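One letter stands for each residue in the lines below.
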Amino acid sequence: MSVRNDVSPDTLGVELTEDGIVVEYTDGREVFYNGIPKKVQGTLRTQPGKLIQVLVTDPTETEGVMTYVNDRDTHDEILQETGVGRVILEPGEEEELFPGVTVRADGYAVEVEASPEIARGRVFVFEEDELGERSFEFVEDDE
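Cut-offs and rules
Residue indices follow the written sequence of each chain, beginning from 1 at its first position. Side-chain atom pairs in this predicted model are given and counted only at pLDDT of 80 or more, local residue features only at pLDDT of at least 70, and totals for whole chains, interfaces and linings cover all residues. Based on all heavy atoms of the structure, the side-chain values leave hydrogens and waters out of the count. To qualify as a helix, a DSSP run of H or I must reach at least 4 residues; to qualify as a strand, a run of E must reach at least 2; elements of each kind are numbered from the N terminus. Only protein chains enter the area calculation, which uses a 1.4 Å probe; residues under 20% of their type maximum are buried, those over 50% are exposed, and those in between are partly exposed. Each patch is built from residues lacking any salt bridge and having more than 30% relative accessible area; the joining distance is 9 Å for like charges and 5 Å for nonpolar side chains (Val, Leu, Ile, Met, Phe, Trp, Tyr). For the accessible areas, the method is Shrake-Rupley and the probe is 1.4 Å, while residue cover comes only from the protein chains on display. Between Lys or Arg on one side and Asp or Glu on the other, a salt bridge is scored when a side-chain nitrogen of the former is within 4 Å of a carboxyl oxygen of the latter. When charges are counted, Lys and Arg are positive and Asp and Glu negative, with His and the chain ends excluded. For this purpose, a charge sits on NZ of Lys, CZ of Arg, CG of Asp or CD of Glu. Aromatic rings from Phe, Tyr and Trp, with only the six-membered ring used for Trp, were paired whenever their centres fell within 6.5 Å, and each pair was classed as stacked if the ring planes differed by under 30 degrees, edge-to-face if by over 60, and tilted otherwise. Two strands pair if DSSP finds at least two bridges between them. With axes taken as lines fitted to C-alpha atoms, and helix axes fitted only over the stretch in contact, angles between N-to-C directions fall between 0 and 180 degrees.

J.: Quick rundown of the environment of Ser135? Include the residues and the values.
T.: Residue placement: Ser135 occurs in strand 13 (residues 132–138). Residue classification places Ser135 among the buried positions, given a relative accessible area of 13%. Considering only alpha carbons, one finds Ser135 and Ile52, 83 residues apart in sequence, at a separation of 9.8 Å.

As structure tokens, then:
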């Protein structure tokens, strides 16, 4: 397996629909995350071995940044062409992806902690593999 590096994300187009979330990559392609995300608060522990993607929107909810966490399959060049970022964490490491959004590696699982108020936008987490996908949205305690 070749070495993968951290990649900084670019601003992507985002459309929130009643059926899911559309993200437009900088190369013009779109991806659709189907379904209404489950609301979570505080810290989300994802299932081990899944591809984890964190999307933080701007206050208008029309733009955002997306970062893959511990994705070792996608080549750096593809991420740079699409505008998606990546962070690689060793077990026990953590990193602030965006103000108010922190990720940490706990074995093969990823924990995401987020405050939409501090992030000044909406925070979504997508967890997927070849068997299916789940999506989550962080909300504040009073929502």
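So that's the structure; there's more coming.
J.: Residue-level account of a negative patch on the surface, with values.
T.: Taken together, Asp6, Glu93, Glu95 and Glu96 make up a surface patch of like negative charges. Within the secondary structure layout, Glu93 lies in the loop between strand 8 (85–87) and strand 9 (94–98). Taking the relative accessible area as the measure of exposure, Glu93 reaches 37% and is therefore partly exposed.

J.: Talk me through the packing of aromatic side chains; I want residue IDs and the actual numbers.
T.: Considering all chains together, one arrives at two aromatic pairs under this definition. An angle of 15° between the planes, with centres 3.8 Å apart, marks the rings of Tyr33 and Phe126 as stacked. Of this pair, Tyr33 sits in strand 3 (residues 30–34) while Phe126 is found in strand 12 (residues 123–129), placing the two residues 93 residues apart along the sequence. Residue Phe126 is classed as buried on the basis of its relative accessible area, which comes to 2%. Taking the centre distance of 6.4 Å and the plane angle of 10° together, the rings of Phe124 and Phe126 count as stacked. Residue Phe124 shares its accessibility class with Phe126, and that shared class is buried.

J.: Report on the sheet that holds strand 5 (residues 43–45), specifying residues and quantitative values.
T.: The four strands are arranged 5-11-10-9 in an open sheet whose pairing can be described as antiparallel. A strand with exactly one partner marks an edge of an open sheet, and here the two such strands are strand 5 and strand 9. For this sheet, the mean inter-axis angle between neighbouring strands, taken without regard to orientation, is 20°. Pairing of strand 5 with strand 11 (residues 109–114), which is carried by three bridges, proceeds in the antiparallel orientation. In the strand pairing of strand 11, Leu44 is matched with Val112.

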